[in-house]
Amino acid sequence: METLLRLLQQNATVSREDLARQLNLTVAEVNDRIAALEKDGVIRGYQAIVDRERLDQNTVTAFIEVRITPERGGGFDRIAQRIAKFDQVVSCYLISGGYDLLVVVEGTSLREVASFVSEKLSTIESVISTATLFRLKTYKENGALFTADVPEDRLVVSP
Amino acid sequence: MEDKIAAHVRDIPRSGIRDFFEIVQSMHDVISLGIGEPDFVTPWHIREAALFSLEKGRTGYTSNLGLPKLREAIANYVSRKFHVDYHAPSEVLVSVGVSEAIDIALRALLNPGDEVLYHEPCYVSYNPSVTLAHGKAVSVPVHERDNFQLRAGELAKRITPKSKILLLNFPTNPTGATMPREALEPIAELCVKHDLIVLSDEIYAELTYDGAEHVSIATLPGMRERTVFLHGLSKGWAMTGFRIGYACAPAPLIEAMMKIHQYAILCAPITTQDAAIEALEHGDAAVAHMREKYELRRNYIVSALNEMGLPCPTPRGAFYVFADIRPTGLTSRDFSLRLLEEQKVAVVPGTAFGKDGEGFVRCSYATSLEQIKIAMERMAVFVAGCPRR
């Protein structure tokens, strides 16, 4: 993967000037490359990694295993895209194994997620079954550890 | 008690870096570019291997030379990365860091009065280690105009009938210098011609940038049989506290080094030897990740230093920039002390690495980019306020 992309993945808020200095490029070159990555759809967006437990104790994340009947001609795509369009769905993946889709849903309460599953998801015609797993605690998300790793106790000057 | 201390120990001057360390430690909120070890924590898979080793109850001594499996891993790694083949059972010794390996190699080779050539500015331990082994340390200057590479002409001038060893360290602490094959060749020829043994400290080998390949002098014609290849896990794998180094050399020399090592140290700790196996066998990706980080920071720091009027060519190895501070008109020591007092940024005066380091300071980029950024801003303010530009 391109170094620029790696740097943006680690921290998308780094200034264009800092990126340029690290990559031995001009700011204009960095801007061009980022613009091209955005245009090609390689970069789909920029977000903050939020520790929801610090924000609101009631916030709920559910991982829902969904089994569906694939359609003749369309396979899983049409139904997966339909599920992905719900605002409550944060991520939606087609996966291998015992079920077909892994749907990540966020809500402000258990009840809200439960009603999404029972009223929206399960009622879709080709959905055969769902299994809902609730997040209890986050240890790492998108590469960011949620617990501090190691204290800073290096010698201040060393040979 | 002072009069009881052996003369050759008493006469070793206090380390310049120690003095500086004490001043920095007494201050608050200092950003330190004076650190000679990685800021990364050892990759988790390696730490986990150390935990697993303890869990299994592996807490005893190992063979004096080191765990056979680790020596095998070392021989494989050195062959794979540097294209020199060593016989693991007889030509590899695991030491407590490269420092110990240098010490026992010198003690195994030197008779009193034998001369050891080394390039300067250099790592702080070379000169005193030679003295402690009753040898005579002979420094060979390297110059900024040569990108701090060792030149055969400078070396040749200092070879005498008593010269026995040449100590090399490329990539170099403190200059970041590297020696490509063409630069090493004339040095190797001189070593063969004058029958010199080479102690080659290649601890920064993995931290070679710009896609350049690290070349070990042991690979050049006639060199394997006269080279002690010294390496370890401290820098490339961020394992300084694990204290694992190693020496690869012809069997008779390893045997002689082992005589000293077995009585002085017995063996390197088993826990960290186990971790070292994991590092060598499965650490390539983690090393590459850290190398990339260092390279990006190097680019940043070099561009910032040049911009503030401290010329510095781009070093191609290690994690140091040896910045030329002569445009400020200050000595290395004054520059470092005033920068520390006025802007709370710590760098190490070049003179800590030998008298030829005057006019330079060592800036380490083994520190987060955020810290480097602030340090460069503060340093620019300091340099702008210096009297002579």
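See the structure above.
Since the model is a prediction, treat every value here as computed from it, not as a measurement. (Residues numbered from 1 in each chain as written. Chains lettered and ligands numbered in written order. Predicted model: local features only at pLDDT ≥ 70, side-chain atom pairs only at ≥ 80, totals over all residues.)

Chemist: Just checking my understanding: could you explain unusual backbone geometry for this structure?
Modeler: Glycine aside, the phi torsion of most residues is negative, and most peptide linkages are trans. Residues and elements named next belong to chain B. Following Glu120, the chain continues to Pro121 via a peptide bond in cis, the omega torsion being 5°. Here Phe170 and Pro171 are connected by a cis peptide whose omega angle stands at -10°. Even without being glycine, Phe148 reaches a positive phi, approximately 60°. Its 25 C-beta neighbours within 10 Å are what place Phe148 among the buried residues. You will see that Leu266, though not glycine, has its phi angle at about 75°, which is positive. (Buried ≥ 20, exposed ≤ 12 C-beta atoms within 10 Å, placed from the backbone.)

Chemist: What am I meant to see in the sheet that holds strand 9 (residues 320–324) of chain B here?
Modeler: One key point about sheets: their strands pair by backbone hydrogen bonds, in either a parallel or an antiparallel sense. Taken in spatial order, the 3 strands make up an open sheet running 9-12-11 (chain B), and their pairing is antiparallel. Edge positions in the sheet fall to strand 9 and strand 11 (348–349) of chain B, since each has one partner strand and no second. (Pairing = 2+ DSSP bridges. Helix = DSSP H or I, 4+ residues; strand = E, 2+ residues; numbered from the N terminus.)

Chemist: How should I be thinking about the pairing of strand 12 (residues 360–364) of chain B in this particular structure?
Modeler: A regular strand places its side chains so that they alternate between the two faces of the sheet. Residues and elements named next belong to chain B. Of all the 5 residues making up strand 12, 5 are buried; the element is thus mostly covered by neighbouring parts of the structure. Here strand 12 shows two buried faces, one formed by Phe360, Arg362 and Ser364 and the other by Val361 and Cys363. Across 5 bridges, strand 9 lies against strand 12 in antiparallel orientation. Looking at strand 12, one finds that Asp324 is bridged to Phe360. In terms of strand pairing, strand 11 meets strand 12 through 2 bridges, oriented antiparallel. Residue pairing in the sheet places Pro349 in a bridge with Val361 of strand 12.

Chemist: Would you mind showing me how to read the interface of chain A and chain B here?
Modeler: The accessible area lost on association of the parts is a frequent measure of interface size. In this complex, chain A contributes 13 residues to the contact, which on the side of chain B involves 21 residues. Top element by residues in the side of chain A that touches chain B is helix 2 (residues 16–23) of chain A. It accounts for 3 residues. A class-by-class count of the residues in the side of chain A that touches chain B yields 6 nonpolar, 4 polar and 3 charged. (Contact = placed C-beta atoms within 7 Å. Nonpolar A, V, L, I, M, F, W, Y, C, P; charged D, E, K, R; others polar.)

Any functional reading would require information that these geometric values do not contain.
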